[in-house]
Every structure is written in C-alpha cells, then in structure tokens.
Amino acid sequence: MSLYAESAALIAPARTVAVVGHIRPDADAIGSVCATVAALRQLGKEATGVIGQPHPFADNLLSIPGADEVVLAGELPDVDLIITVDCGALDRTGALAEEIGRRAETTLVIDHHSSNAGFGAVNLIVRDAESTTTILGRLFDELEVQIDKHIAHCLYAGLLTDTGGFRWGSAAMHTFAAQLMRTGIDIREISTDLLDSGSVHDLRMIGQALSRVEVHQAGEHRVAIIVADHALLSSASISAAEGLVDFVRSLDDTDLGVVFKESAPGLWHASLRSNTVDVSHIAVAMGGGGHIPAAGYTARGNAEEVVAALLNQVGR
Ligand code: AMP
Ligand code: MN
Ligand code: MN
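Everything numeric in this text was worked out from a predicted model, so none of it was measured.

Rules used in this analysis
- Residues numbered from 1 in each chain as written.
- Chains lettered and ligands numbered in written order.
- Predicted model: local features only at pLDDT ≥ 70, side-chain atom pairs only at ≥ 80, totals over all residues.
- Heavy atoms only, no water.
- Donors = N, O, S within 2.8 Å, 3.2 Å for Na, K, Ca; no water.
- Helix = DSSP H or I, 4+ residues; strand = E, 2+ residues; numbered from the N terminus.
- Buried < 20%, exposed > 50% of the residue type's maximum accessible area, 1.4 Å probe, protein only.
- Near = heavy atom within 4 Å.
- Polar contact = N/O pair within 3.5 Å; in protein donor to acceptor, adjacent residues only side chain to side chain.
- Areas by Shrake-Rupley, 256 points an atom, 1.4 Å probe, with all protein chains shown as cover.
- Nonpolar A, V, L, I, M, F, W, Y, C, P; charged D, E, K, R; others polar.
- UniProt positions renumbered as here; feature names shortened; annotations may be inferred.

**Quick look at the coordination of the manganese ion (ligand 3)**
Right, on to step 1. Coordination of the manganese ion (ligand 3) by the protein involves Asp 28 (OD), Asp 86 (OD), His 112 (NE2) and Asp 162 (OD), with metal-donor separations of 2.1 to 2.3 Å.
Right, on to step 2. In this structure, the manganese ion (ligand 3) is positioned 3.7 Å from the manganese ion (ligand 2), and both are ligated by Asp 86. Linking Asp 28 in helix 2 (residues 27–42) with His 112 in the loop between strand 5 (107–111) and strand 6 (122–125), this pair joins segments that are 84 residues apart in sequence. Neither Asp 28 nor His 112 differs from the other in exposure class; each is buried.

**With respect to the site of ligand 1**
Right, on to step 1. Of all residues adjacent to ligand 1, which total 14 residues, the nearest are His 113, His 269, Ser 271, Arg 273 and His 291.
Right, on to step 2. In this structure, an oxygen atom belonging to ligand 1 sits 2.6 Å away from a side-chain N or O atom of Ser 271.
Right, on to step 3. At 2.9 Å, a side-chain N or O of Arg 273 approaches an oxygen atom of ligand 1.
Right, on to step 4. Contact with the protein chains removes 89% of the 480 Å² of surface that ligand 1 exposes when unbound.
Right, on to step 5. For the shell around ligand 1, the secondary-structure elements that each account for two or more residues are strand 10 (267–273), strand 11 (289–290) and strand 12 (294–300).
Right, on to step 6. Class assignment of the residues belonging to the shell around ligand 1 gives a composition of three nonpolar, eight polar and three charged.

**Quick notes on the UniProt feature "domain: DHHA1" (unreviewed entry) in the chain**
Right, on to step 1. Per the UniProt record, the feature "domain: DHHA1" (unreviewed entry) sits at residues 240–311.
Right, on to step 2. Summarising residues 240–311: 28% helix, 35% strand, and an end-to-end C-alpha distance of 25 Å.

Structure, rendered in structure tokens:
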C-alpha cells in the first residue's frame, strides 16, 4: 500500500479529527490546517484546527479561509484521529507535544521537512515536496475530496510561500499551481496578503534591522547575520519579523544568511537560509530542524552568546 493509501485508510474510519499545525505558524502550516479541516468536513467528519501556542499568530495569515476558526490551545479535543501538518518534529506542536506523543497510535503525520524522523502511526513524509499543501493536494485526490475554491486558496497559500514565490521547486509546483488557479482563486490578492502587504511602521523596523547586518567568517563559511532584539521587534508585526531573513538569503560573498529574533528577553528564534549549505544539518545540531535551504532553532542567552554559539557550529 502506498503511504497515501495508508493515510487515507487511517482517515476513513475517523469521525472526529484534530488537525495540528506547527507553532509560530507560517502560511504552509495554516494553509495545511485549513485545507485539511475543510476537506475532512467535506467528507462529513467533525474537524478542528489547533495550534499549540497561547499567543496569536501573524495577522496576515488570517487572510487564509478558515484561519479565524483555528483554535490556540494547550490541549486537544477528544477525537478519534490527530493529523499533524507541516510539523517537522513532535516538539513543533508546542504545548500539544506531550499529548500527541502519548497518542502516537492515533496520529497521522503529514510533512515535508528533511529532518522529520516521523512520530505518528503513519508518517506521510515527502521530503522533496515543495510544501505540505502539495502533499495534501495528492492525498485529497486519494480521498476523493473535491478541491474547491476555498480549499485551493489554502493549498496555494502554502505552495506560494514555501517556494519563496515560485523561486525554487520542481516543474510539478507549476502544474499544481495551474490546477489550483482553475478553481478561480485570486492569486494577486493572495500574494499581496501573504508576501507584499505591510505598514509604514514595519518598514521602519525593517530599515533599522537591515542597517545592523554584519558578515562573519566561520571556518570556510561567510555568514550574514541580522540581530533583531526584543526592543526592535516588540512593536513590529510578526510577518515583518519573519520576512527579514529573505534579505540575507543570498547576499554577495556570503553563503549563509541568519536572522536572530528575540521573541522574549533572552529567548531567540534563529532562521537560517542558504543556497549552497545544508542549513537543516546546522539547525539540527543546534536543537532545531528544517529543510536543506531553510531551517531554524531556538536559543537562549544574550545576543553575543547566541551569535557565537552559531558561528562555532558553522565553523566546525
Ligand atoms: P523559519 O526560519 O522559522 O522560517 O523556519 C525555516 C524552516 O525550519 C521551517 O520549515 C520550519 O518549520 C523549520 N524550523 C524552524 N524552527 C524549527 C525548530 N525549532 N525545530 C524544527 N524545525 C524548525
Ligand atoms: Mn512551516
Ligand atoms: Mn512547509
């Protein structure tokens, strides 16, 4: 049986389902949650989307249909089946991790992170998929779910953003995008909502952050680093902070770009990007994970300490 058929077989008997995306969700996480909830409801099931964090996620993700219904919670409803989407590891489910770990035999993992070892009864992990929503598109065909405009919007959101606006991926991403576009979704509006909109206030924060960029030598690598501390980020939108890393992805004469974002004093999220170095490898060594070109991890300390720890790892 293919992994798709195995996943469909696990879904078939479930009457109630919780769909969990990763904490600090991006458009692939929320798009995957909302598409899956809509697909399961089309099949007559009761489905709820959940993110295991107490604080709200980025405002612009609310443009994805159904995102306003996604519950922020530390526990799951009593359900027959749990489906995690776009979660590269159990701990990416945040406050739900312990409960999902206990209920592994009723969990279906759907993901595309290269560092994902699998933590469910069935692990539909497709490492060369551009986005988790790409995997879902194929699974929905298996389940005979009709990809309507609502579902297509959700799936496109993940495809658009996880390919950096169709900058990388296989030819299949364009075939899939074409299939989704034929449902009548407004791709210009989706791109504006998810990639291009922002406030003047955010633009000023971005300007300050960019003026702090520094290039460090670490072993044979040259690393562009932006340190966005808590004071700088506290008044910025989440989407503006998450977008900073795109500016250091491929700077001249560097082979690695990193943004340190201090979400609470002393608590940092590091975002790593590269076109040539396997950053998932570095992120895993630092306790995180991700994909070969894009990965992340959490660090504690002051700015100098978290930067030094990373450079030490990169220089090995
Ligand atoms: P980010 O830099 O937060 O956009 O993350 C880049 C990629 O790495 C995304 O696919 C994330 O899901 C993944 N990632 C980020 N942080 C972590 C983490 N702490 N553990 C595992 N994967 C992560
Ligand atoms: Mn994601
Ligand atoms: Mn993804």
